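Inside the fold
Here is what each chain is made of, one letter per residue.
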Amino acid sequence: MTQQVPVLRLGDALLVSIQVDLQDDDVLALQEELAERIVSTGARGVIIDISAVDIVDSFIGRMFSSIAALSRVLDAETVVVGMRPAVAITLVELGLSLEGVRTALDLEKGRAILDRLIAERRPAHDLDYLDDDADYVPLDDPAGERARPDPSRR
Amino acid sequence: MTSGDDVVRVRQLVRSKAQSIRLSLVDQTKLVTAASELARNTLVHGGSGSARIEVVQRGGRSGIRAVFSDTGPGIADLDLALTPGWTSGGGLGLGLSGAKRLVDEFDIDTEVGRGTSVAITKWSR
Ligand SMILES: Nc1ncnc2c1ncn2[C@@H]1O[C@H](COP(=O)(O)OP(=O)(O)OP(=O)(O)O)[C@@H](O)[C@H]1O
Ligand SMILES: [Mg+2]
């Protein structure tokens, strides 16, 4: 795709701002590019800004759901931000439910939702576990070839 | 209409016609969304086809009428095709039923083996 939609980095997230009327093939290409970028950057979140989008039909709506599902499999979260009121009204009447898609009114609120979702994915006790584990790595077996300690011992 | 670019062109044309008769923003959005669904159906299910968009008048009101025609396979069971969620392919099955809900007038003329023509109209308030 000839970079119809730039994908930018925003901290640990990717920001996609849709500014032009995309044809279906571009929508699919964007979906693929996002999957690749999540993996190559290790991004924890995706923010899709649609504040410049004047219609959301079933095709692009399905793309939002696909990206949300796809990012989840790749250990990232997706939030769609900036939906115009007329678009929201139309979407509901069209019958599109945007299954699995988180939405926020603007970028700032979207970022806050992402932060919360990302934190939920890495619960504090997970980090404790990593620390505990590190304590257990024997100096003569740094790669941990021997039996790992039982993480449930805590 | 033979490609995805044409669907974009239809959206833009419908938008500018809708603005020319001062449809409200919500009505413009509904009409353009319906047109987008029908244009895509013409392409995906009909193979290719045409779109005709015009300003119409009735009883002192203006409206936009859009007709999408193809000479594709036609629709065997129209009730089924208009059931929200029903799709013969990998879609969501929302295009046809959703488009119907978004406009004021909706007419389908279809015949198996001959093709499909869908006409929609949205009136200014
Ligand atoms: N122009 C057409 N020619 C032939 N069949 C059609 C045409 N338009 C619609 N159909 C049939 O009606 C069904 C329902 O159409 P609809 O637009 O609601 O869903 P879809 O195109 O399958 O999915 P999507 O939600 O992505 O639009 C289609 O799956 C197709 O079988
Ligand atoms: Mg369709």
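Here we summarise the structure given alongside this text. Source: prediction; values computed, not measured.

The immediate surroundings of ligand 1 are formed by 18 residues, with Asn41(B), His45(B), Thr87(B), Ser88(B) and Gly93(B) found nearest. Bordering ligand 1 are residues originating from chains A and B. Backbone polar atom of Leu96(B) to an oxygen atom of ligand 1: 2.8 Å apart, as the coordinates give it. A majority-of-atoms criterion places ligand 1 in the largest pocket. For the shell around ligand 1, the secondary structure elements donating two or more residues are α2 (25-44) and α4 (95-102) of chain B. The class makeup of the residues in the shell around ligand 1 is six nonpolar, ten polar and two charged.

So, about the pattern of salt bridges. For the structure on display, the rule yields 22 salt bridges over all chains. With a shortest N-O distance of 3.0 Å, Glu93(A) and Lys30(B) are connected by a salt bridge. Taken together, the residues span two chains, with Glu93(A) in helix α3 (residues 85-94) and Lys30(B) in helix α2. According to the relative accessible area criterion, Lys30(B) is buried, its value standing at 12%. Measuring nitrogen to oxygen at the nearest pair gives 2.6 Å for the salt bridge that ties Arg111(A) to Asp115(A). With Arg111(A) and Asp115(A) both in helix α4 (residues 107-121) and four residues apart, the pair spans about one turn of that helix. Residues joined by salt bridges that share partners form a network here, namely Asp21(A), Asp24(A), Asp57(A), Arg11(B), Glu37(B) and Arg40(B).

Moving on, we come to the sheet that holds strand β3 (residues 105-111) of chain B. All names here are of chain B. The strand order β1-β2-β4-β3 describes an open sheet built from four strands, whose pairing is antiparallel. For this open sheet the edge positions go to β1 (49-58) and β3, each flanked by a neighbour on one side alone. In this sheet, adjacent strand axes meet at a mean angle of 15° when their direction is disregarded. Together, β1, β2 (61-70) and β4 (115-123) form the strand contacts of α2, whose direction differs from that of β4 by roughly 175°.

A few words on the sheet that holds strand β4 (residues 77-81) of chain A. Residues and elements named next belong to chain A. Strand order in the open sheet formed by five strands is β1-β2-β3-β4-β5, with mixed pairing between adjacent strands. Only two strands of the sheet have a single neighbouring strand rather than two, namely β1 (7-10) and β5 (102-104). Ignoring strand direction, the axes of neighbouring strands in this sheet form an average angle of 30°. Sheet topology places strand β2 (residues 13-17) next to strand β3 (residues 45-49); five bridges connect them, and they run parallel. Note that in β3 the partner of Val16 across the bridge is Ile48. Across the face of the sheet, helix α1 (residues 24-41) comes into contact with β1, β2 and β3 while running at roughly 160° to β2. Contacting β3 and β4, helix α2 (residues 58-73) runs over the sheet at an angle of about 155° to β4.

Parameters and conventions
Residues numbered from 1 in each chain as written. Chains lettered and ligands numbered in written order. Predicted model: local features only at pLDDT ≥ 70, side-chain atom pairs only at ≥ 80, totals over all residues. Heavy atoms only, no water. Near = heavy atom within 4 Å. Polar contact = N/O pair within 3.5 Å; in protein donor to acceptor, adjacent residues only side chain to side chain. 1 Å grid on protein atoms, 1.4 Å probe; cavity = no way out; pocket = protein on both sides within 12 Å on 5 of 7 lines; lining within 4 Å. Sits in = over half its atoms within 2 Å of the grid points. Helix = DSSP H or I, 4+ residues; strand = E, 2+ residues; numbered from the N terminus. Nonpolar A, V, L, I, M, F, W, Y, C, P; charged D, E, K, R; others polar. Salt bridge = Lys/Arg side-chain N within 4 Å of Asp/Glu carboxyl O. Buried < 20%, exposed > 50% of the residue type's maximum accessible area, 1.4 Å probe, protein only. Pairing = 2+ DSSP bridges. Axes fitted to C-alpha atoms, helices over the stretch in contact; angles between N-to-C directions. Contact = heavy atoms within 4.5 Å.

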